[in-house]
Amino acid sequence: MDLNKAHSIVELIDANYYENLVSPKLECYYLVLKNIILLKKKQKLDYEQNHDHYLIPYLEGENIESLNSELRCAIYYYFGYYYYDKSQFDQCLEHFYKVKSFVNNLEIKASVIYNISIIHKRMGHYQDAILTTKEAIEYLKKIDNTYLLTLSLNSLGDLYREKKLNKEATVALESAKQIAEQYSHVAPLGYIFHNLGLISMEKSNFEDASSYFYKALHIKQKNTNSDVLITYRLLIDCKLKEEDIEEAAKLYKIASELTDTKDDQNVLLFHFIDYFYINNELVLFEKNLNQLALFFEGKKSYDYLTRCYKKLAKYYYNTRKYKRSSYFYNKTLELLERSF
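(A) Quick look at the overall build of the protein chain. If you tally the helices and strands in the protein chain, you get 19 helices and zero strands. Overall size of the protein chain, expressed as C-alpha extent along the three principal axes, is 80 × 45 × 35 Å. The 340 residues of the protein chain split such that 46% are buried. Of all intrachain contacts in the protein chain linking residues separated by at least 6 positions in sequence, the fraction that spans at least 24 positions is 51%. Per element, the accessible surface of the protein chain, about 18,900 Å² overall, is 50% carbon and sulfur. Of the charged side chains in the protein chain, 45 are positive and 46 negative; the average position of the first set lies 5 Å away from that of the second.

Following this line, the structure appears as structure tokens:
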């Protein structure tokens, strides 16, 4: 539950490796725990080397079910994270559910259940994600872990929003906000304000949405500076909906300086693309939108590609280029049919 402390103990054991680890089973147990830390700290080269050259040879042919419960639990926990890193979510869930079944520590159990809910969400299993998040919340209320409770309530609110249950989403997010403010959990507030902004945006209340996004941006920049681009993109969307093109251009310029990949640059440009249309720069609008469509097609980013096709179809229809419009409406339908 404390990654930095765990890492410092790993370094201490490594300093006297052969004195501390007096049996193969103890060494295997240690390597499993060490690799969990390396995985969580994103030290990919180190954990892959340990995985391939030490852990797999140790475990090959071993009946894991016959091992003592502590080592077995650590192995399941490790492989849960290992398969998550590989985006093999079915196998990830299988291992995390095994951990959940025989962990007695309520704090660890709640954390594992929370991770299970995150995986269900990644897989699009929203109902399963809602149920497991609620289960995690009940455990967290018992042990008074307000930080993880805040994260869980925020996640529950976001899941309800995905299911278009905005009333339930708002209740969960407001509860998360109240706990975060009461216990000074500043970092989660950035995500809470972001999700409240999304709900306002879905209601076409762009003024409130902008207010929430600005608050989220302020907190993210002050604390971690992570995930700021997505908030900038949504703020630009809001400002363009309000036809405040000067503010949209200002936000785009700031966000552009934070992009360091072609993917980020093109996604940001897509959110800014309506600026050219509103500003009557139709040549730039058409040119950039066609280039974005080609880029997203190459990346197989079908969500953004569908949105590009829709915009192009509508643009060509409004400019009476009906043949081109028909072409892009058909391309949109092909992508939509593929997703079902």
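(B) Structural detail: the packing of aromatic side chains. Across all of its chains, the model carries 30 aromatic pairs by this definition. A ring pair is formed by Phe272 and Tyr275, whose centres lie 4.6 Å apart and whose planes are at 15°; its orientation type is stacked. For Phe272, a relative accessible area of 5% gives the class buried. Under the relative-accessibility criterion, Tyr275 is labelled buried at 16%. Residues Tyr317 and Tyr322 carry aromatic rings whose centres are separated by 5.5 Å and whose planes lie at 65° to one another, so their mutual orientation is edge-to-face. Given the relative accessible area of 48%, Tyr322 is considered partly exposed. In this structure an aromatic cluster arises from ring pairing among Tyr277, Phe285, Tyr309, Tyr315, Tyr316, Tyr327 and Phe328. Residue placement shows Arg72 over the ring face of Phe102; its charged tip is 5.3 Å from the ring centre.

(C) Seen up close, the side chain of Asn154. By secondary structure assignment, the location of Asn154 is in helix H9 (residues 146-162). Residue Asn154 is classed as buried on the basis of its relative accessible area of 11%. In this structure, Asn154 is in contact with Leu173, Ala176, Tyr191, Ile192 and Asn195, ignoring residues within four places of it in sequence.

(D) Helix H3 (residues 24-40), seen in detail. The end-to-end C-alpha distance of H3 is 24 Å, a good match for the 24 Å that 17 residues give at a rise of 1.5 Å each. Among the residues of H3, those classed as buried are Glu27, Cys28, Tyr30, Leu31, Val32, Lys34, Asn35, Ile36, Ile37, Leu38 and Leu39. Structurally, H3 contributes buried residues whose contacts are with helix H1 (3-15), helix H2 (17-20), helix H4 (44-59) and helix H5 (69-85). Lys42, located one to two residues past H3, shows a positive phi value of around 60°.

(E) Here's a closer look at the environment of Gln49. Among the secondary structure elements, Gln49 is positioned in helix H4. Note: C-alpha distance between Gln49 and His125 (76 residues apart in sequence) is 33 Å.

(F) Spatial organisation of helix H15 (residues 262-272). Inspection of H15 places Asn266, Val267, Leu268, Leu269, Phe270, His271 and Phe272 among the buried residues, and these make up the whole buried set. On its buried face, H15 is in contact with helix H13 (228-241), helix H14 (245-256), helix H16 (274-278), helix H17 (282-299) and helix H18 (302-318).

(G) Structural detail: the side chain of Asn115. The residue Asn115 is located in helix H7 (residues 106-122) in this model. Asn115 gets classed as buried once you look at its relative accessible area, which sits at 17%. If we skip the residues at most four places from it in the chain, Asn115 touches Tyr81 and Phe96.

(H) Highlighting the nonpolar core. One finds Met201, Phe213, Phe276, Leu292, Phe296 and Cys308 to be the most contacted residues of the largest nonpolar core, which totals 42 residues. Setting aside its immediate chain neighbours within four residues, Phe276 contacts Leu269, Glu281, Leu282, Leu284, Phe285 and Asn288. Of all hydrophobic cores here, the second largest spans 35 residues; its members include Val10, Tyr83, Val103 and Val112.

(I) Main features of a nonpolar patch on the surface. Taken together, the side chains of Tyr317, Tyr322 and Tyr329 define a hydrophobic patch exposed on the protein surface, amounting to about 360 Å² of accessible area. Within the secondary structure, Tyr322 is located in helix H19 (residues 322-338).

(J) A look at unusual backbone geometry. Phi at Lys164 is positive, roughly 65°, even though this residue is not glycine. Here Lys164 shows up in the loop between H9 and helix H10 (166-182). Owing to a relative accessible area of 63%, Lys164 belongs among the exposed residues under this scheme. The phi dihedral of Asn280 falls on the positive side, at around 65°, and the residue is not glycine.

What counts and what doesn't
- Residues numbered from 1 in each chain as written.
- Predicted model: local features only at pLDDT ≥ 70, side-chain atom pairs only at ≥ 80, totals over all residues.
- Heavy atoms only, no water.
- Helix = DSSP H or I, 4+ residues; strand = E, 2+ residues; numbered from the N terminus.
- Buried < 20%, exposed > 50% of the residue type's maximum accessible area, 1.4 Å probe, protein only.
- Contact = heavy atoms within 4.5 Å.
- Areas by Shrake-Rupley, 256 points an atom, 1.4 Å probe, with all protein chains shown as cover.
- Lys, Arg positive; Asp, Glu negative; His and termini not counted.
- Charge placed at Lys NZ, Arg CZ, Asp CG, Glu CD.
- Phe/Tyr/Trp six-rings, centres within 6.5 Å; stacked < 30°, edge-to-face > 60°.
- Lys NZ or Arg CZ within 6 Å of the ring centre and 35° of its normal.
- Expected span 1.5 Å × (residues − 1).
- Core = buried A, V, L, I, M, F, W, Y, C linked by side-chain atoms within 4.5 Å.
- Patch = residues over 30% accessible without salt bridge, like charges linked within 9 Å, V, L, I, M, F, W, Y side chains within 5 Å.
- Salt bridge = Lys/Arg side-chain N within 4 Å of Asp/Glu carboxyl O.

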